Amino acid sequence: PTRNPSGYPTKNPTRNPTKTPTRNPTSDPTPAPPKVYSKGGSIAGWNADGWDTDGYYKADIDDIRSHLSKLIDDSERRLIPKFLRLGFHDCVGGCEGCVDLANPENKGLEEPILAIYPIVEKFKDSYSRADIWALATLVSADLAVLEGRPYGLHFPMRYIGRKDCYGAN
């Protein structure tokens, strides 16, 4: 990722879709783990089996996951499709923690936004609303599978540091 003037990481520029990448057959086929940024721009690592030894991020993410899982359980799983939909509508045009509730296509998203608000407030000094909404989407996808899911398997939160849209509160 590159950095914008505010210091937050930005997405890599779009690659040329007409150019096919080539790989050196003698090189290691395992790609390097992606860099993971905190809200303040610090880098953490990601291994194939989860967070590296940087326990600070893992503990936070696990704590937020547990709050989100409890919220979903308390709703009798009603929030699963609503958080999935919130994540989709938030990420159209960029995952920045904003949804225009005046847009008719976003009708019904106020419920998951209000439901997740206490979690956003609890972690607002460390993580953006956009990060927590993204994690709610991942947790919802995890919990959507009821049977045959290996214990402990979940969609990883590979990127931290999304910037909330202007005026987010």
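Heads up: these notes are all about the structure in this document. All chains use their own residue numbering, which begins from 1 and follows the written sequence. Per-residue local features are limited, in this predicted model, to residues with pLDDT of at least 70; the limit for side-chain atom pairs, both in listing and counting, is 80 or more; totals at the level of whole chains, interfaces and linings are taken over all residues. Working from all heavy atoms in the structure, the side-chain values ignore hydrogens and water.

A few words now on the nonpolar core. With 27 residues, the main nonpolar core has Leu68, Phe83, Ile116, Ile119 and Tyr127 as its most contacted residues. Strands are runs of DSSP state E lasting at least 2 residues, helices are runs of H or I lasting at least 4, and numbering of each runs from the N terminus. Counting residues per element, the ones that place at least two in this core are helix H1 (55-74), helix H2 (79-91), helix H3 (110-122) and helix H4 (129-144). Element by element, the count of residues in this core is highest for H4, at 7 residues. Those residues in contact with Phe83 that sit more than four places away from it in its chain are Leu71, Ile72, Pro112, Ile116, Ala136, Thr137 and Ser140. We call a set of buried residues a nonpolar core when its members are Ala, Val, Leu, Ile, Met, Phe, Trp, Tyr or Cys and they connect through side-chain atoms within 4.5 Å of each other. Type-normalised accessible area, obtained with a 1.4 Å probe on protein chains alone, sets the label of each residue: buried when under 20%, exposed when over 50%, and partly exposed for intermediate values. Throughout, a contact is declared for two residues whenever any of their heavy atoms are within 4.5 Å.

Further remarks concern H3. Note: α-helices contain 3.6 residues per turn, so residues at a spacing of three or four share the same orientation. Take the number of residues in a helix, subtract one, and multiply by 1.5 Å to get its expected span. Taking 1.5 Å per residue, 13 residues should reach 18 Å; H3 reaches 19 Å between its end C-alpha atoms and fits that length. We define the bend at any residue as the angle between the axes fitted to the seven residues before and including it, ending there, and the seven starting there. Largest kink in H3: about 40°, centred on Ile116, with the proline Pro118 one to four residues after it. Along H3, the residues classified as buried are Pro112, Ile113, Ile116, Ile119 and Val120.

Further remarks concern the packing of H3 against H4. Lines fitted to C-alpha atoms define the axes, with helix axes restricted to the stretch in contact, and inter-axis angles between N-to-C directions lie between 0 and 180 degrees. Two elements in contact, H3 and H4, have axes whose closest approach is 10 Å; the angle formed by their N-to-C orientations is 120°. Judged by the angle between their axes, H3 and H4 are oblique. You can see that H3 and H4 cross each other, and the crossing is right-handed. Of H4, the residues touching H3 (which contributes Ile113, Ile116, Ile119 and Val120) are Arg129, Ile132, Trp133 and Ala136. Residues are grouped as follows: Ala, Val, Leu, Ile, Met, Phe, Trp, Tyr, Cys and Pro are nonpolar; Asp, Glu, Lys and Arg are charged; all remaining types, including Gly, are polar. Split into classes, the residues belonging to the contact of H3 with H4 amount to 7 nonpolar, no polar and 1 charged. When describing relative orientation, an angle under 35 degrees is termed roughly parallel and one over 145 degrees roughly antiparallel, while 65 to 115 degrees is termed roughly perpendicular and anything else oblique. Handedness of a crossing is defined here by the sense of rotation of the near helix relative to the far one, left-handed for an anticlockwise turn of less than a right angle and right-handed for a clockwise turn.

Interhelical geometry of H2 versus H3 gives an angle of 100° and a closest axis separation of 9 Å. Compared by their axis directions, H2 and H3 come out roughly perpendicular. Together, Leu79, Lys82, Phe83 and Leu86 of H2 and Glu111, Pro112, Ile113, Ala115 and Ile116 of H3 make up the contact between the two elements. By residue class, the composition of the contact of H2 with H3 is 7 nonpolar, no polar and 2 charged.

Attention now goes to the state of the cysteines. What counts as a disulfide here is a pair of cysteine sulfur atoms lying within 2.5 Å. Applying the stated criterion to the full structure yields 2 disulfides. Covalent S-S linkage joins Cys91 and Cys95, the inter-sulfur distance amounting to 1.9 Å. Judged by the sign of its S-S torsion, about 120°, the bond between Cys91 and Cys95 is right-handed. Cys91 gets classed as partly exposed once you look at its relative accessible area, which sits at 31%. Taking the relative accessible area as the measure of exposure, Cys95 reaches 23% and is therefore partly exposed.

With that settled, the discussion passes to the environment of Ser66. Mapping Ser66 onto the fold places it in helix H1. Overall, the relative accessible area of 40% leaves Ser66 in the partly exposed class. The spatial distance from the C-alpha of Ser66 to the C-alpha of Val139 is 9.2 Å, given a sequence separation of 73 residues.

Purely geometric numbers; function is a separate question.
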